[in-house]
Amino acid sequence: MSLDAFVRCTCIRDGKAKPHPFPEKFMWDEAGAPSLSGDPSEEEWEAHDRWVQESCEHEGYLVSEFLGNITRAQHLRDFLRGLQGEPGPKFPILLKKVIYDGTHTGDWIPVKESPALLREVDLVLGSSDILTEGEKEFFLSMKRLCDASIATGNPIVF
Ligand SMILES: [Zn+2]
C-alpha cells in the first residue's frame, strides 16, 4: 500500500496538446482530469488514455510524488499530532486530507485549499532541525505538489 500524489500540467487546457481523437466526447471531470462524456467504448477509452500520455512532454503530469507507505503515514500522523499545540500550530488539512487513517482512492484537494496546505507544510519545514530525513523528504514533496497546484490552478490528486 503506497501513497502517491500528482498535479496535472496545463498543456491540454492551454491548447498545446495535439488534437483529441474524438473532440466531441472530450470533457473535464470534477477532479480536473481529462475524460470522456457519453458512453465511451473500451477502444475509445484506450485511445483517450493513449492521447493523454502523448499529449505533451509531461505526459499530462507536471509533478508526481511518491509520498510513502502506510507505516510512514502512521508515523507522520503521530509526529504531526505531537507538534500541534493549544494555542499553537494546527495541521487540519495534512491530518484530515493527506495522511488520515485510511486509503486514498481518487481523492483530491481542491485548488482553493492549496495555499492553506502550503502554509501547514511550511510551518512543519520551519522546524526542520527536528525532522528526520524521511520526514523532511515527505514535506518537501508536499511543498512541490502545493507549489505546482498553485501555479497551474489544478488540484492535488492522490
Ligand atoms: Zn504538459
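A quick note: this is a predicted structure, and the numbers were derived from the prediction, not measured.

Procedures and definitions
Residues numbered from 1 in each chain as written. Predicted model: local features only at pLDDT ≥ 70, side-chain atom pairs only at ≥ 80, totals over all residues. Heavy atoms only, no water. Helix = DSSP H or I, 4+ residues; strand = E, 2+ residues; numbered from the N terminus. Buried < 20%, exposed > 50% of the residue type's maximum accessible area, 1.4 Å probe, protein only. Donors = N, O, S within 2.8 Å, 3.2 Å for Na, K, Ca; no water. Tetrahedral: all angles 85-135°; square planar, octahedral: opposite > 155°, others 65-115°. Phe/Tyr/Trp six-rings, centres within 6.5 Å; stacked < 30°, edge-to-face > 60°. Salt bridge = Lys/Arg side-chain N within 4 Å of Asp/Glu carboxyl O. Core = buried A, V, L, I, M, F, W, Y, C linked by side-chain atoms within 4.5 Å. Patch = residues over 30% accessible without salt bridge, like charges linked within 9 Å, V, L, I, M, F, W, Y side chains within 5 Å. Areas by Shrake-Rupley, 256 points an atom, 1.4 Å probe, with all protein chains shown as cover. Lys, Arg positive; Asp, Glu negative; His and termini not counted. Charge placed at Lys NZ, Arg CZ, Asp CG, Glu CD. Expected span 1.5 Å × (residues − 1). Arc of directions from axis to C-beta.

Novice: Whenever I open this one, the overall build of the protein confuses me. Can you help?
Specialist: When helices and strands are counted, the protein shows five helices and six strands. When the helices and strands of the protein are listed from N to C terminus, the series reads β-β-β-α-β-α-α-β-α-α-β. Overall, the C-alpha framework of the protein stretches about 55 × 30 × 25 Å when taken along its three principal axes. Expressed as a percentage of its 158 residues, the buried residues of the protein come to 43%.

Novice: Could you clarify how one ought to interpret the coordination of the zinc ion in this entry?
Specialist: Reference values for angles at a metal are 109.5 degrees in the four-donor tetrahedral case and 90 or 180 degrees in the six-donor octahedral case. Binding of the zinc ion to the protein goes through Cys9 (SG), Cys11 (SG), Cys56 (SG) and His58 (ND1), at separations of 2.0 to 2.3 Å. With four donor atoms in place around the zinc ion and angles of 105 to 114° between them, the coordination shape is tetrahedral. Given a relative accessible area of 14%, Cys56 falls into the buried group. With a relative accessible area of 26%, His58 lands in the partly exposed category.

Novice: Looking at this structure, how should I read the packing of aromatic side chains?
Specialist: Geometry of an aromatic ring pair is reported as the spacing of the ring centres plus the angle between the planes. Within the structure shown, the criterion is met by four aromatic pairs. Aromatic pair Phe6 and Tyr61: ring centres 4.6 Å apart, planes at 75°, arrangement edge-to-face. Of this pair, Phe6 sits in strand 1 (residues 2-8) while Tyr61 sits in strand 4 (residues 61-69), and the two are 55 residues apart along the sequence. Note on Phe6: relative accessible area 17%, which makes it buried. With a centroid separation of 5.3 Å and 85° between ring planes, the pair formed by Phe26 and Trp28 is classed as edge-to-face. A relative accessible area of 22% places Phe26 in the partly exposed class. Ring pairs connect the aromatic residues Phe26, Trp28 and Trp51, which therefore count as one cluster.

Novice: I would appreciate a short explanation of the pattern of salt bridges in the present structure.
Specialist: Where charged atoms of side chains with opposite charge meet at close range, the side chains can pair. Using the criterion set out here, one finds eight salt bridges in the structure. With a closest N to O distance of 3.7 Å, Glu137 and Arg72 form a salt bridge. Note that Glu137 is positioned in helix 5 (residues 133-152) and Arg72 in helix 2 (residues 70-83), a separation of 65 residues in sequence. The exposure class of Glu137 is partly exposed, given its relative accessible area of 47%.

Novice: Is there a simple way to explain the environment of Asp78 in this structure?
Specialist: By secondary structure assignment, the location of Asp78 is in helix 2. A relative accessible area of 52% places Asp78 in the exposed class. It is 15 Å that separates the C-alpha atoms of Asp78 and Lys136, two residues lying 58 residues apart in sequence.

Novice: I would appreciate a short explanation of the nonpolar core in the present structure.
Specialist: Membership of the largest hydrophobic core comes to 30 residues, with the highest contact counts inside it found for Leu80, Leu94, Val98, Leu117, Phe139 and Ile156. Mapped onto this core, the elements with two or more residues apiece are strand 1, strand 4, helix 2, helix 3 (92-98), helix 4 (114-125) and helix 5. For this core, the element with the most residues is helix 5, which contributes six residues.

Novice: Help me understand a negative patch on the surface, please; the structure alone is not making it clear to me.
Specialist: A surface patch of like charges, here negative, comprises Glu42, Glu43, Glu46 and Asp49. Note on placement: Glu43 falls in helix 1 (residues 42-54). A relative accessible area of 57% places Glu43 in the exposed class.

Novice: I keep staring at helix 1 and nothing clicks. Help me out?
Specialist: Each α-helix turn comprises 3.6 residues. Residues three or four places apart therefore point the same way. For helix 1, with 13 residues, the first-to-last C-alpha span of 18 Å sits near the 18 Å given by 1.5 Å per residue. Of the positions making up helix 1, those classed as buried are Glu44, Ala47, His48, Trp51 and Val52. Along helix 1, the residues classed as buried sweep out an arc of 140° about the axis, all on the same side. In helix 1, the exposed residues that point more than 90 degrees away from the buried face are Glu42, Glu43 and Gln53.

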